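Read off the chains here:
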Amino acid sequence: MRKKTHRVDRRKESTVRSVAKPTAESSTAPVSANTVSPHPAIELQRSAGNHAVSKLVSSSTVQRQGTKTAPPKSKGSTFKDVFTTALSDPKVTLGILSPHVEAASQADRDSISSDAKLLKTARDKLGDDDYLTLLTKLRVFKAGKTAEDKKSHTKADVADKYIRDNLAAYVKEAVKAGRKVEGQVAVIDADDWKLAYDKEFGNDGEEATTNAFVDARGRIFLHKNRGNAGTMIHEGIHKYSNGVFLSTVKFNFNEGVTEYFTRKITSSLKPAIARGNYQPNYEFSKKFADYVGEACLAKGYFDGDVKGVKDAFKAKGKEDKDWDALLAATKDKKWADAEKILTAAAPAKPPAKAPAEVKPPVAPAK
Amino acid sequence: MESSPAQEELQRCRKLLDASRTGVALDETVPEWIPDSLRAVDGIGFVDPEYAITISVYVFEEWGGGDEAGLRLQEELQSDSNVYVVSAGNGRLLFIGQTRLDRDEGIDAKYRLADLVSAFSGQE
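First, a word on scope: everything that follows refers to the structure included in this document. (Residues numbered from 1 in each chain as written. Chains lettered and ligands numbered in written order. Predicted model: local features only at pLDDT ≥ 70, side-chain atom pairs only at ≥ 80, totals over all residues. Heavy atoms only, no water.)

A few words now on the layout of surface pockets. Here the second largest pocket defines a volume of roughly 680 Å³. Every residue lining the second largest pocket is counted, 26 residues in all, and those nearest its centre are Lys333 of chain A together with Arg21, Ser118, Ala119 and Gln123 of chain B. Broken down by secondary-structure element, the contributors of at least two residues to the lining of the second largest pocket are helix 14 (251-266) and helix 15 (279-292) of chain A together with helix 2 (19-22) and helix 4 (106-121) of chain B. Classifying every residue of the lining of the second largest pocket by side-chain character gives 7 nonpolar, 10 polar and 9 charged. (1 Å grid on protein atoms, 1.4 Å probe; cavity = no way out; pocket = protein on both sides within 12 Å on 5 of 7 lines; lining within 4 Å. Points joined across faces, edges and corners; volume = space filled by probe spheres on them. Helix = DSSP H or I, 4+ residues; strand = E, 2+ residues; numbered from the N terminus. Nonpolar A, V, L, I, M, F, W, Y, C, P; charged D, E, K, R; others polar.)

Attention shifts here to the side chain of Ser87 of chain B. Looking at the element boundaries, Ser87 of chain B is found in strand 4 (residues 83-90). Here Gln74 of chain B takes part through its side chain, which lies 2.7 Å from a polar atom of the side chain of Ser87 of chain B. In this structure Ser87 of chain B touches Ala274, Arg275 and Gly276 of chain A together with Gly70, Gln74, Phe95 and Ile96 of chain B, once residues within four positions along its chain are discounted. (Polar contact = N/O pair within 3.5 Å; in protein donor to acceptor, adjacent residues only side chain to side chain. Contact = heavy atoms within 4.5 Å.)

Next up on the list: the interface of chain A and chain B. Between chain A and chain B, the residue contacts involve 39 residues of the former and 28 residues of the latter. Between chain A and chain B, a total of about 2,800 Å² is buried, with carbon and sulfur atoms accounting for 49% of that surface. When the area that chain A buries against chain B is broken down by residue, the three leading residues are Lys151, Thr209 and Ala274 of chain A, summing to 22%. If you look at where chain A meets chain B, you find 3 salt bridges. Note that Glu124 of chain B is salt-bridged to Arg275 of chain A, the shortest N-O span being 2.9 Å. If you look at where chain A meets chain B, you find 24 residue pairs in polar contact (both at pLDDT 80 or more). Those elements that place two or more of their residues in the side of chain A that touches chain B are helix 12 (231-240), helix 15 and helix 19 (335-343) of chain A. Broken down by element, the side of chain A that touches chain B gets its largest block of residues, 5 residues, from helix 15 of chain A. (Buried area = accessible area lost by both parts, 1.4 Å probe. Salt bridge = Lys/Arg side-chain N within 4 Å of Asp/Glu carboxyl O.)

Lys270 of chain A connects to Pro271 of chain A through a cis peptide bond whose omega is -5 degrees. With respect to the helices and strands, Pro271 of chain A occurs in the loop between helix 14 and helix 15. A positive phi is found at Arg139 of chain A, a non-glycine position, where the angle reads about 55 degrees. Under the relative-accessibility criterion, Arg139 of chain A is labelled buried at 12%. A positive phi angle, near 65 degrees, is found at Arg39 of chain B, a position not held by glycine. Turning to its location among the elements, Arg39 of chain B is positioned in the loop between strand 1 (27-29) and strand 2 (42-48). When its relative accessible area of 76% is taken as the criterion, Arg39 of chain B is described as exposed. (Buried < 20%, exposed > 50% of the residue type's maximum accessible area, 1.4 Å probe, protein only.)

Residues and elements named next belong to chain A. Ordered in space as 1-3-2, the 3 strands form an open sheet in which the pairing is mixed. Of all strands in the sheet, those bounded by a partner on one side alone are strand 1 (185-188) and strand 2 (212-214). Going from strand to strand, the sheet's axes swing by 15 degrees on average, the running direction of each strand aside. Both strand 2 and strand 3 (residues 220-223) contribute to a ladder of 3 bridges, which runs antiparallel. When the sheet's bridge partners are listed, Val214 is paired in strand 3 with Ile220. With respect to the sheet, helix 8 (residues 128-137) is in contact with strand 1 and strand 3, its orientation differing from that of strand 1 by roughly 95 degrees. The strands touched by helix 11 (residues 190-201) are strand 1, strand 2 and strand 3; relative to strand 2, the strand with the most contacts, the crossing angle is about 45 degrees. (Pairing = 2+ DSSP bridges. Axes fitted to C-alpha atoms, helices over the stretch in contact; angles between N-to-C directions.)

Residues and elements named next belong to chain A. Here helix 18 (residues 320-331) spans 17 Å end to end across 12 residues, near enough to the 16 Å set by a 1.5 Å rise per residue. For helix 18, the full list of buried residues reads Asp322, Trp323, Leu326, Leu327, Ala329 and Thr330. Taken down its axis, helix 18 places every buried residue within 165 degrees of arc, on the same side. For helix 18, the elements touching its buried residues are helix 13 (243-249), helix 14, helix 15, helix 17 (306-314) and helix 19. (Expected span 1.5 Å × (residues − 1). Arc of directions from axis to C-beta.)

All names here are of chain B. Most of strand 3 (residues 53-59) sits out of view: 6 of its 7 residues are buried. In this sheet, strand 3 lies alongside strand 2 in antiparallel orientation, the contact comprising 7 bridges. Across the sheet, Val47 pairs through a bridge with Thr54, a residue of strand 3. The antiparallel pairing of strand 2 with strand 3 creates a hairpin that spans 4 residues between the two strands, and Ala52 there sits at a positive phi of about 50 degrees. Sheet analysis places strand 3 next to strand 5 (residues 93-100), joined by 6 bridges and oriented antiparallel. Residue pairing for strand 5: Ile55 is matched across the bridge by Gly97.

The subject of this paragraph is the pairing of strand 1 of chain A. Residues and elements named next belong to chain A. Alternating positions in strand 1 separate into two faces, Val185 and Val187 on one and Ala186 and Ile188 on the other, with burial throughout. Pairing analysis gives 4 bridges linking strand 1 to strand 3, with the strands arranged parallel. By the bridge assignment, Ala186 is partnered in strand 3 with Phe221.

Residue and element names in this part refer to chain B. Pairing is antiparallel across the open sheet formed by 5 strands, whose spatial order is 1-2-3-5-4. Single-partner strands in this sheet number two, and they are strand 1 and strand 4. Taken over all neighbouring pairs, the strand axes of this sheet differ in orientation by 20 degrees on average, direction set aside. Of the strands in this sheet, strand 1, strand 2, strand 3, strand 4 and strand 5 are in contact with helix 1 (residues 5-16), which crosses strand 2 at around 20 degrees. Against the sheet, helix 4 contacts strand 2, strand 3, strand 4 and strand 5, and its axis sits at roughly 175 degrees relative to strand 5.

Structure (structure tokens):
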């Protein structure tokens, strides 16, 4: 994944986390994973005249997260109508909108994201950073170059299904921990891409050659016209991984293993998806997976059992210094050198000493 | 004069494979297969003379339009086990590259081609 070193902006994080506390009308409002504590939003909902936000709360709150029940609507009002009206409130924040967007059906979310004028209003009201988060919450998915394109990026929920089906034996713990890519990614057009990219990387000269990136807040953005149908799957695999593996093996090897598991999926699809991303990283990781065993590598990558990977590596006659040399070579993208460490013969063991000959006692002379 | 969408895509391809990114100065040439024969709208070829790597990049009408052609060509070329072949899609572009392994610099050529297809595929 294209990623920069995290820079944590606590001010921005606290804005995202502000969430409306459910009111009496909205006793079953779902709460987003980022909920912290109640907040001016409560007063916002109760104050007279703030009908727009109250209506948003009442129209969508009965639906708990994970249920498929459509939220009840006020007579004649669609979710889009209520959302639009909520945006007209000068005190509206992402924190207020978020749980209701999360609880909405995808069709309702799409009704928002397919309205360019409404999105512009949202951006003007929320500011750029919260607007970008809204795009991921809406699961924005801009498909292809024209409406006639038959192919597009893989959808996030489909990527989650592919990962959970094809790598079921490996991602049990990750799934239990709630890891997924849906709700954290948006496939966006050139304008939103420029906004997201410039915010994260500025004018670094690499925009035109980037298909997708994970920003410092963990939001994933894919350019709708670039990459291939495996891009979403690759980013999704990252979301299921355990951070201990990355912090041990570092970026280049981690990308190789991510791509290894990505291609396990993309090569099995009908038709298969041809990928060339991180090719040398992948070529080495394939050999490494053969060397330590795929299941062992998976346990390291998805569950953080890096010790198990190292033990499997050493079990074939390698030593700690070989492990260190391998990590150093992969860190510097010296793939041929890393491969040679795998294929180098184990040092010959000295032959076992023969047991000392036991001579029979000499009989005393008569 | 405004460039066509296909020309814009080929320009994107040139940026992806630019020597400043890859460290490899490629010579431009014609693609190995006629674009029409793959149902592509345009194409371009590249050669790395140092390692005898040949690359063809095609532009298709649609996003992902080269997927089937890429898989077909890869299957065809990989029938020779002494040839390292890679194909990859990036939007409307398809990359197909090959180099021979049965020579002293075969492994180095393989990793160089791997670097090139990786650069073409874009950062993710």
